[in-house]
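# What the coordinates show
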Amino acid sequence: MLHDPKLNHLFYWHFHPEFELVYIEGASATRHVGDHISQFSDSDLVLIGSNIPHLNFDHGVTTSYRKEVLHIKPFFREDFVSQFPELQSLERLLELSKYGLAFSGKTKVEVGVLLKRLYRLQPFEFFMQSLDILKKLAQSGEFELLHSKPYINRYRKKEQDRIRQIYALVDERYQGKITVEEVASLSNLTKPAFCRYFKKATGTTFIGFLNQYRISQAKRLLLLGKNIGETCFSCGFESLSYFNRTFKKVTGENPSEFKKRHLGHNP
């Protein structure tokens, strides 16, 4: 779960094996999923299938907006949903995600409310609420298919594997130290070649991207009541001063201001 990640200054065209449910409100921007390009106004709720390339929905947004992103691991479908006949509606939903699904109407409003609450929940409640969200989507008829047939990722296998490996490494290791040299080696590139490649692909440096990801996780921990020091080191930052500077650079406020603004009246 990524709570309110701010990537509006990036052109972040990417894909990953996880299914992605994204909700954004307070923005009007481009919906670019696979071969589909269209505009959305005010808000959007989209379910994106595994390995479908997509642009971050907040690219170029200058208004005040909020975004919630839920990632669903492939094993959830393979090892859980597919094993229970009672969950066939979820199986159908995830199968339809190969087309890309944009939800509207009452479904978008209700699921948007649930997604905005999700990051505050403890693990068990988080899991149960996520199931409820998927159930609502599976039972809804308020959606459009973004492609006329299932999208097939046409990226070269080498390129696809490289992007997937980088994404997986950050997702799995953001709590510890990750060096540019290590990621370059993983990508079978020299450090200078990797830096050029990553900047061209995402519009930012790898360290910039890593810090953005870590801060999105830090916001989630702070809103779960974790203290600033614990949050800092849990998200892979090696010093509190660097964490505070990075947090303010990414969010516009320091961690204590962020925590007070959100939890000041609801400890």
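This structure is a prediction, so every number in the text was calculated from the model and none was measured. (Residues numbered from 1 in each chain as written. Predicted model: local features only at pLDDT ≥ 70, side-chain atom pairs only at ≥ 80, totals over all residues. Heavy atoms only, no water.)

### Here we look at the sheet that holds strand 9 (residues 101-103)
Spatially, six strands are ordered 1-8-3-6-9-10 in an open sheet, and the strand pairing comes out antiparallel. Bordering the open sheet on either side are strand 1 (2-3) and strand 10 (143-145), each of which pairs with just one other strand. As paired elements, strand 3 (residues 19-25) and strand 8 (residues 66-72) share seven bridges and run antiparallel to each other. When the sheet's bridge partners are listed, Leu-21 is paired in strand 8 with Leu-70. Across the sheet, helix 2 (residues 88-96) lies against strand 3, strand 6 (43-48), strand 9 and strand 10, angled at about 110° from strand 9, the strand it touches most. (Pairing = 2+ DSSP bridges. Helix = DSSP H or I, 4+ residues; strand = E, 2+ residues; numbered from the N terminus. Contact = heavy atoms within 4.5 Å. Axes fitted to C-alpha atoms, helices over the stretch in contact; angles between N-to-C directions.)

### Thoughts on helix 2
Within helix 2 the residues assigned to the buried category are Leu-90, Glu-91, Leu-93, Leu-94 and Leu-96. Those residues of helix 2 hidden inside the fold are in contact with strand 3, strand 6, helix 1 (74-80), strand 9, helix 4 (123-139) and strand 10. (Buried < 20%, exposed > 50% of the residue type's maximum accessible area, 1.4 Å probe, protein only.)

### Quick word on the packing of aromatic side chains
Under the defined criterion, the tally for this structure stands at 15 aromatic pairs. When the ring of Tyr-174 is compared with that of Tyr-213, the centres are 5.4 Å apart and the planes differ by 65°; the resulting orientation is edge-to-face. Linking Tyr-174 in the loop between helix 5 (157-173) and helix 6 (180-186) with Tyr-213 in helix 8 (residues 206-223), this pair joins segments that are 39 residues apart in sequence. Neither residue differs from the other here; Tyr-174 and Tyr-213 are each classed as buried. With a centroid separation of 5.7 Å and 65° between ring planes, the pair formed by Phe-243 and Phe-247 is classed as edge-to-face. Of the two residues, Phe-243 and Phe-247 both sit in helix 10 (residues 240-251), four residues apart, roughly one turn of that helix. The exposure class assigned to Phe-243 is buried, which follows from its relative accessible area of 0%. A network of ring pairs unites the aromatic residues Phe-194, Tyr-197, Phe-198, Phe-206 and Phe-209 as a single cluster. Lys-6 extends its terminal NZ or CZ atom over the ring of Tyr-65, reaching a point 3.6 Å from the ring centre. (Phe/Tyr/Trp six-rings, centres within 6.5 Å; stacked < 30°, edge-to-face > 60°. Lys NZ or Arg CZ within 6 Å of the ring centre and 35° of its normal.)

### Side note on the packing of helix 8 against helix 10
Two numbers describe how helix 8 lies on helix 10: the axes approach to 10 Å, and their chain directions differ by 95°. Classed by the angle they form, the pair helix 8 and helix 10 counts as roughly perpendicular. Seen from helix 8, the contacting residues are Ile-207, Asn-211, Gln-212, Ile-215, Ala-218, Lys-219 and Leu-222; seen from helix 10, they are Tyr-242, Phe-243, Thr-246, Phe-247, Val-250 and Thr-251. Split into classes, the residues belonging to the contact of helix 8 with helix 10 amount to eight nonpolar, four polar and one charged. (Parallel < 35°, antiparallel > 145°, perpendicular 65-115°, else oblique. Nonpolar A, V, L, I, M, F, W, Y, C, P; charged D, E, K, R; others polar.)

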